[in-house]
Amino acid sequence: MRINNQVRTTHPGVAHGNLGQLIRSDIEAWAHPPEDMATQPVGTGPGELFPWGSAASGETMFLRVPKGASEAWSVFVHESDEGEFLEYAMSFGDWMPAYVRGEDVGVCLRNFAPEGPFFQSIG
């Protein structure tokens, strides 16, 4: 699905593609970053960043898997221009509405949804 013609994410309820393969492919791609890029552990294990989406403006979004049951999830955004990871200490359920409201969460929507938020199925 695409949100505001910018943020793109996949989900298992589409007729095409294989979500598991896409996730494995993304994790593998992030396992070998260029030498000049800041790194974070990417994967599905505790403390690793789990890729869930990308933006038309070049950002990649991740969820940080908690290291323990008492630790909260957080959202990381890799900014392609700066080559760094920014952490947003909030759940996906808090991050997405903040993005749609136009708050600073690492992905700017004003150029992509000037008339307000919208959703578009790409399946």
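Above this text sits the structure in question.
Note that this is a predicted model, so its numbers are computed, not measured. (Residues numbered from 1 in each chain as written. Predicted model: local features only at pLDDT ≥ 70, side-chain atom pairs only at ≥ 80, totals over all residues. Heavy atoms only, no water.)

This brings us to the pairing of strand 4 (residues 60-64). Extensive coverage of strand 4 is indicated by the burial of five of its five residues. Relative to strand 4, strand 3 (residues 49-55) is paired through five bridges, and the arrangement is antiparallel. Residue Pro51 lies in a different strand from strand 4, and its bridge partner there is Phe62. The hairpin turn running from strand 3 into strand 4, its antiparallel successor, is four residues long, and Gly58 in that turn takes a positive phi close to 105 degrees. (Buried < 20%, exposed > 50% of the residue type's maximum accessible area, 1.4 Å probe, protein only. Helix = DSSP H or I, 4+ residues; strand = E, 2+ residues; numbered from the N terminus. Pairing = 2+ DSSP bridges.)

For Arg101, the position within the fold is in the loop between helix 2 (92-100) and strand 7 (119-120). Within the structure, the side chain of Arg101 is placed 2.7 Å from the side chain of Glu103, a separation counted as a polar contact. (Polar contact = N/O pair within 3.5 Å; in protein donor to acceptor, adjacent residues only side chain to side chain.)

Here the distance between the centres and the angle between the planes together describe a pair of aromatic rings. Across all of its chains, the model carries six aromatic pairs by this definition. Where Trp30 meets Phe62, the ring centres are 5.1 Å apart and the plane angle is 85 degrees; that geometry is what we call edge-to-face. Note that Trp30 is positioned in helix 1 (residues 19-31) and Phe62 in strand 4, a separation of 32 residues in sequence. Each member of the pair Trp30 and Phe62 is classed as buried. Between the aromatic rings of Trp95 and Tyr99, the centroid separation amounts to 5.7 Å while the plane-to-plane angle is 5 degrees, which identifies the pairing as stacked. Here Tyr99 and Trp95 lie together in helix 2, a separation of four residues that amounts to about one turn. (Phe/Tyr/Trp six-rings, centres within 6.5 Å; stacked < 30°, edge-to-face > 60°.)

Among the secondary structure elements, Glu59 is positioned in the loop between strand 3 and strand 4. The class for Glu59 is buried, based on a relative accessible area of 12%. Here Ser57 takes part through its side chain, which lies 2.5 Å from a polar atom of the side chain of Glu59. Once residues lying within four places of it in the same chain are set aside, the contact partners of Glu59 are Ser54, Val77, His78, Glu79, Ser80, Gly106 and Val107. (Contact = heavy atoms within 4.5 Å.)

As a further point, take the pairing of strand 6 (residues 84-88). The side chains of a regular strand alternate, residue by residue, between the two faces of the sheet. Across five bridges, strand 5 (residues 74-79) lies against strand 6 in antiparallel orientation. Bridging across to strand 6, Val77 finds its partner in Leu86. Between strand 5 and the antiparallel strand that follows it, strand 6, lie four residues; Gly83 among them carries a positive phi value of about 70 degrees.

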